[in-house]
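# Working through the structure, step by step
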2 protein chains.
Amino acid sequence: MSKEKYKIGVVATASRLSPEVPTRVASLAERLYPERTPDIVFHPQCLSSRGHFAGDDETRAQAFLDIANDGSYDAVWFARGGYGTCRVAESVVRGLTETSKRKAYVGYSDAGMLLAALYRAGFRAVAHGPVAQDILRDGGDAAVARALAWMVDRAPESLEPTVDGVKKTAAFNMTILSHLLGTPLEPDLGGHVLMLEEVGEAMYRIDRSLFHITSNANIRRVSGIMLGRCSNITPNEPNFGMNEEEIAQYWCRRAGIPWLGRADIGHDADNKIVPFGP
Amino acid sequence: MSKEKYKIGVVATASRLSPEVPTRVASLAERLYPERTPDIVFHPQCLSSRGHFAGDDETRAQAFLDIANDGSYDAVWFARGGYGTCRVAESVVRGLTETSKRKAYVGYSDAGMLLAALYRAGFRAVAHGPVAQDILRDGGDAAVARALAWMVDRAPESLEPTVDGVKKTAAFNMTILSHLLGTPLEPDLGGHVLMLEEVGEAMYRIDRSLFHITSNANIRRVSGIMLGRCSNITPNEPNFGMNEEEIAQYWCRRAGIPWLGRADIGHDADNKIVPFGP
């Protein structure tokens with residue numbers, strides 16, 4: 001970087017950040033980068049509260065724009081997932097200026113709504129990766145360290161192992177991708193390796209999401225699908241009869257989409273970085 | 001009808017029928033129509049079981065075609081919802097013959113996947129309405145009586161009160177509609193009054209489904225949205241801050257879709273008939 005300190009702005013486009021996160025993240029960043037500690041600024045909006053969300057739609061959208069359009073920031077980091085990014089994505093994209101295109105954007109899960117919209121809008125440093133709130137997971141320091149390593153140094157060891165900088169990639173929570181297909185947020189994923197993960201859904205819902213995703217004409221143009229981890233699967237009544245990998249292979253076969261095996265992503269501390277694009 | 005008895009075939013395209021349903025439905029039909037009891041034939045497949053489903057995909061698709069393509073049947077009645085119709089819808093539509101176009105099709109919830117595909121394929125007696133399994137609900141006799149009254153006599157009192165036979169209508173469970181948008185099952189709903197109901201979802205999921213539905217270009221061409229009942233809403237953590245009607249109005253406003261108020265449909269014994277089309 002041409003300046004002394006890498007500067008990261010954190011914004012919560014969905015649910016409210018847990019209040020202990022900023023201190024823990026700052027302390028980890030100091031330990032990891034004693035000589036060049038990145039400046040990690042949590043927008044005050046992260047701790048706002050309005051019903052389900054970290055502040056109302058206008059507050060969350062404006063907080064994102066405050067950081068994305070401020071030239072002093074090098075990266076916009078999603079505070080956490082939860083739910084609510086779809087409500088602000090269109091107004092955020094409308095409000096972004098040229099400055100915003102020069103920085104990195106990292107998050108996953110619900111944040112995928114905005115990662116998709118940014119990638120569609122031509123942003124080129126958009127990545128699926130850990131959020132600040134991941135520091136609260138068991139082993140969460142490693143997840144946050146990985147996100148920082150990609151933002152600060154684009155460290156190759158932070159990447160999902162099959163990402164090679166040549167083939168195009170994209171990664172999503174499958175429920176989120178399902179819910180952005182056909183909306184103004186949907187990017188062109190033709191020719192991409194598409195990695196999908198899930199959390200907290202019953203097996204029949206995973207099956208239904210994969211029906212929806214693999215039946216979409218845009219998605220049928222991907223170069224292949226990889227399945228990340230599906231964790232905290234809720235009970236299926238009766239037993240579904242197939243596991244998540246069998247389900248993904250079934251729908252790939254039906255759709256004529258190449259099945260490319262497992263991806264090292266998921267709602268856990270091992271969640272690796274997947275940049276959108278080559 | 002030109003023949004003596006109206007003949008209804010029941011098929012389970014999703015989950016397995018409860019074994020006590022056929023006897024209870026037959027007994028109700030005899031009480032309701034002592035002089036002209038409809039012949040209600042439950043395809044043996046209804047009681048099949050394969051993992052989550054009432055038999056494997058091929059068995060369920062073939063059972064549907066057995067009845068739909070048999071000229072002796074006047075109506076195809078969905079045994080129940082659950083999950084699995086999306087897996088058979090495309091092969092069913094491929095296998096339907098001219099004979100199948102002359103009969104009525106009644107169901108809702110998961111069956112919406114196939115109602116949509118049939119309507120898209122030009123079928124003109126497709127209706128959202130009670131399934132056979134509804135007889136197990138409190139007051140379920142009334143629900144089944146209503147489905148029979150529409151199938152046997154097209155009884156006007158079975159209809160959702162705003163259905164007038166002039167304006168075009170369609171009705172769906174919102175999760176099901178969300179998951180068929182962008183697939184080969186999606187019908188053209190331009191100019192239709194679209195009625196949506198939900199069951200067993202948290203408020204944030206209702207919000208997300210309505211984001212997805214109302215952000216779709218095809219859906220934005222409907223003449224308006226009516227909200228049916230949203231029952232058994234699961235807890236939202238934290239409190240969502242809006243109820244389902246406020247959510248529906250919010251998304252209609254954002255999408256420029258006329259909000260037309262409440263519809264008399266839902267996962268309950270009061271669920272009224274909504275024909276697809278005029």
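The sections below set out a description of the structure shown in this document. What you are looking at is a predicted structure, and each value in this text was computed from that prediction instead of being measured.

What follows concerns the overall build of chain A. Counting secondary structure elements, chain A contains eight helices and 10 strands. If one aligns the C-alpha atoms of chain A with their principal axes, the spans along those axes are about 50 × 35 × 35 Å. Here chain A holds 278 residues, and 63% of them are scored as buried. Pairs at least 24 apart in sequence give 80% of the contacts found in chain A among residues at least 6 apart. By element, 49% of the accessible surface of chain A is carried by carbon and sulfur atoms, the whole surface being about 10000 Å². Taking the average place of the 31 positive charges on the side chains of chain A and the average place of its 34 negative ones, the gap between the two points comes to 4 Å.

As a further point, take the relation of the copies chain A and chain B. With an RMSD of 0.0 Å, the operation that places chain A on chain B is a rotation of 180 degrees combined with a shift of 0.0 Å along the axis. When the rotation and shift are considered jointly, the pair of chain copies conforms to a two-fold rotation axis. Every residue of chain A has its C-alpha some distance from the rotation axis, and the shortest such distance is that of G182(A), at 3.2 Å.

If you look at the interface, chain A gives 42 residues, while chain B gives 42 residues. Summed over both sides, the interface of chain A with chain B buries roughly 3200 Å², with 51% coming from carbon and sulfur. In terms of surface lost to chain B, no three residues of chain A exceed R87(A), H179(A) and R208(A), which account for 21% of the buried area on that side. For the pair chain A and chain B, the interface holds six salt bridges. Residues D207(A) and R87(B) are paired through a salt bridge, measuring 2.7 Å at the closest nitrogen-oxygen approach. Those elements that provide at least two residues to the side of chain A that touches chain B are helix 3 (85–95), helix 6 (174–180), helix 7 (203–214) and helix 8 (244–255) of chain A.

Two cysteines, two sulfur atoms, one covalent bond between them: this is a disulfide. Counting across every chain of the model gives zero disulfides over all chains. Lacking any disulfide linkage, C252(A) is separated from the closest cysteine sulfur, that of C230(A), by 12 Å. Residue C252(A) is classed as buried on the basis of its relative accessible area, which comes to 1%. In this model C86(B) remains outside any disulfide bridge; the closest cysteine sulfur is found in C252(A), 15 Å from its own. For C86(B), a relative accessible area of 1% translates into the label buried.

Time to look at empty space enclosed by the protein. Counted under the stated rule, the structure contains one cavity of 30 Å³ or more. What lines the largest cavity is a set of 13 residues, and nearest its centre among them are H179(A), R205(A), H179(B), R205(B) and R208(B). Classifying every residue of the lining of the largest cavity by side-chain character gives no nonpolar, seven polar and six charged.

Of all hydrophobic cores here, the largest spans 120 residues; its most connected members are F64(A), L194(A), F64(B) and L194(B). Here F64(B) is in contact with V11(B), T13(B), V76(B), F78(B), V92(B), L96(B), Y105(B), L114(B) and L118(B), once residues within four sequence places are set aside.

Residue and element names in this part refer to chain A. The strand order across the open sheet built from four strands is 6-7-8-9, with neighbouring strands paired in parallel fashion. Only two strands of the sheet have a single partner each, and these edge strands are strand 6 (169–173) and strand 9 (259–262). Averaged over all adjacent pairs, the angle separating strand axes in this sheet is 20 degrees, with direction ignored. With six bridges connecting them, strand 7 (residues 193–199) and strand 8 (residues 224–231) associate as parallel partners. Opposite M195, over in strand 8, you have M226 as the bridge partner. Across the face of the sheet, helix 7 comes into contact with strand 7 and strand 8 while running at roughly 155 degrees to strand 7. Packed on one face of the sheet, helix 8 meets strand 8 and strand 9 and runs near 170 degrees to strand 9.

Once that is clear, we can look at the packing of aromatic side chains. If you walk through the whole model with that rule in mind, you get 20 aromatic pairs over all chains. Seen from their ring centres, F64(A) and Y105(A) are 5.9 Å apart, and the 20 degrees between their planes marks the pair as stacked. Of this pair, F64(A) sits in helix 2 (residues 57–68) while Y105(A) sits in strand 4 (residues 104–107), placing them 41 residues apart in sequence. A relative accessible area of 0% places F64(A) in the buried class. Look at Y105(A) and you get buried, because its relative accessible area is 0%. Ring plane angle 75 degrees and centroid distance 5.6 Å describe the contact between Y105(B) and F123(B), whose orientation is recorded as edge-to-face. Placement of Y105(B) in strand 4 (residues 104–107) and of F123(B) in the loop between helix 4 (112–120) and strand 5 (126–128) is noted, with a sequence separation of 18 residues between them. With respect to class, Y105(B) is no different from F123(B); both count as buried. Through a chain of ring-to-ring contacts, three or more aromatic side chains come together here, namely F53(A), Y83(A), Y204(B) and F240(B). The ring centre of Y250(B) lies 4.0 Å from the NZ or CZ of R87(A), which sits over that ring. Between R154(A) and the ring centre of W150(A), over which it is positioned, the NZ or CZ distance is 4.4 Å.

What follows is about the pairing of strand 2 (residues 39–42) of chain A. Residue and element names in this part refer to chain A. Residues I40 and F42 of strand 2 are buried on one face, while the alternating residues D39 and V41, pointing to the opposite face, are not. By the bridge criterion, four bridges tie strand 1 (residues 7–11) to strand 2 in an arrangement that is parallel. Residue G9 lies in a different strand from strand 2, and its bridge partner there is V41. This β-α-β element, strand 1 to helix 1 (residues 21–32) to strand 2, shows right-handed connectivity.

Between its terminal C-alpha atoms helix 8 (residues 244–255) of chain B stretches 16 Å, which fits the 16 Å expected from 12 residues at 1.5 Å a residue. For helix 8 of chain B, every residue scored as buried is listed here: E244(B), I247(B), A248(B), Y250(B), W251(B), C252(B) and A255(B). In the core, the buried residues of helix 8 of chain B are packed alongside helix 2 and helix 3 of chain A together with helix 7 (203–214), strand 8 (224–231) and strand 9 (259–262) of chain B. Structurally, the start of helix 8 of chain B carries an N-cap: the backbone nitrogen of E245(B) is 3.1 Å from a side-chain oxygen of N243(B). Directly beyond the C-terminal end of helix 8 of chain B, a positive phi value near 70 degrees is found at G256(B).

The rules we used
Residues numbered from 1 in each chain as written. Chains lettered and ligands numbered in written order. Predicted model: local features only at pLDDT ≥ 70, side-chain atom pairs only at ≥ 80, totals over all residues. Heavy atoms only, no water. Helix = DSSP H or I, 4+ residues; strand = E, 2+ residues; numbered from the N terminus. Buried < 20%, exposed > 50% of the residue type's maximum accessible area, 1.4 Å probe, protein only. Contact = heavy atoms within 4.5 Å. Areas by Shrake-Rupley, 256 points an atom, 1.4 Å probe, with all protein chains shown as cover. Lys, Arg positive; Asp, Glu negative; His and termini not counted. Charge placed at Lys NZ, Arg CZ, Asp CG, Glu CD. Least-squares fit on C-alpha atoms with pLDDT ≥ 70 in both. Buried area = accessible area lost by both parts, 1.4 Å probe. Salt bridge = Lys/Arg side-chain N within 4 Å of Asp/Glu carboxyl O. Disulfide = S-S within 2.5 Å. 1 Å grid on protein atoms, 1.4 Å probe; cavity = no way out; pocket = protein on both sides within 12 Å on 5 of 7 lines; lining within 4 Å. Points joined across faces, edges and corners; volume = space filled by probe spheres on them. Nonpolar A, V, L, I, M, F, W, Y, C, P; charged D, E, K, R; others polar. Core = buried A, V, L, I, M, F, W, Y, C linked by side-chain atoms within 4.5 Å. Pairing = 2+ DSSP bridges. Axes fitted to C-alpha atoms, helices over the stretch in contact; angles between N-to-C directions. Phe/Tyr/Trp six-rings, centres within 6.5 Å; stacked < 30°, edge-to-face > 60°. Lys NZ or Arg CZ within 6 Å of the ring centre and 35° of its normal. Right-handed = clockwise from strand over helix to strand, strands pointing away. Expected span 1.5 Å × (residues − 1). Polar contact = N/O pair within 3.5 Å; in protein donor to acceptor, adjacent residues only side chain to side chain.

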